[in-house]
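Listed below, chain by chain, are the residues.
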Amino acid sequence: MNRRSFILLSSAAALAACAETTGTPSQLGPDGKPLPKLYRIGPGQAGRIQFRVLDSVNALRQASGAPALKMNAKLNAAAATHARDMAVQNRPWHFGSDGSSPIDRVARVGYNGRLVGETISETYETELETLAAWMEGDATRTVILDPTARDLGFSWHQESNGKIWWNMVLGAPGVAAIPGSEVIAEAIDS
């Protein structure tokens, strides 16, 4: 009897150890693929996210021969304003609820230079997944790799349901705006 108890307890312990090492199984969608996990941006993560994007964009630009960008606080403010406004409007597009364009928003924050372009997205994905999606589109890739850009602004607004409205603005400091010279990338809806 002791022998049976020992074997049962050993088997139960081994099964419990296996369950602990494998973790909880991921939930599968109707296509058999794992369902995405909600990406929640916590307080105090803004700087890390912005500089992770800056580093990633600069690596992409270096590979294409374009000069590195630096983070610009004024462009960050323009990006943050529009990310919130897209959420209010519930649509990813380049015009503000007040009719403003990306050029208007860059001027409003006092950026001394030319808007090179803006990329936007409405998604539940991380910033790096969103950057990867932008790099797959011709218009958004053109903005990100534009060799005249020197400054980057990047921000977002996350809704309580987890949806994230991303906005990236690139600029060329000290260069007067040339009407019609800016590239405004199309939205990526993920």
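All of these numbers come straight from a predicted model, not from anything done at the bench.

Glancing now at the overall build of the chain. A count of helical and extended segments in the chain gives 6 helices and 6 strands. Traced from its N-terminal end to its C-terminal end, the chain shows the element sequence α-α-β-α-α-β-α-α-β-β-β-β. Relative to its full complement of 190 residues, the chain shows a buried share of 41%. Here the chain displays about 10,700 Å² of accessible surface, and carbon together with sulfur accounts for 58% of that area.

The next subject is the nonpolar core. Val57, Ile144, Leu152, Phe154, Trp166, Met168 and Leu170 are the most contacted members of the largest nonpolar core, which totals 24 residues. Breaking this core down by element, the ones donating at least two residues are α2 (46-64), α5 (127-136), α6 (138-145), β3 (151-158) and β4 (164-173). For this core, the element with the highest residue contribution is β4, accounting for 5 residues. Excluding anything up to four places from it in sequence, Met168 contacts Val53, Val57, Gly117, Glu118, Thr119, Leu131, Trp134, Ile144, Leu152, Gly153 and Phe154.

Counting buried residues in strand β2 (residues 113-123) gives 10 out of 11 residues, a clear majority hidden from the surface. Here 10 bridges tie β2 to β4, and the two strands are oriented antiparallel to one another. What sits directly across from Ser121, in β4, is Trp166.

Parameters at a glance
- Residues numbered from 1 in each chain as written.
- Predicted model: local features only at pLDDT ≥ 70, side-chain atom pairs only at ≥ 80, totals over all residues.
- Heavy atoms only, no water.
- Helix = DSSP H or I, 4+ residues; strand = E, 2+ residues; numbered from the N terminus.
- Buried < 20%, exposed > 50% of the residue type's maximum accessible area, 1.4 Å probe, protein only.
- Areas by Shrake-Rupley, 256 points an atom, 1.4 Å probe, with all protein chains shown as cover.
- Core = buried A, V, L, I, M, F, W, Y, C linked by side-chain atoms within 4.5 Å.
- Contact = heavy atoms within 4.5 Å.
- Pairing = 2+ DSSP bridges.

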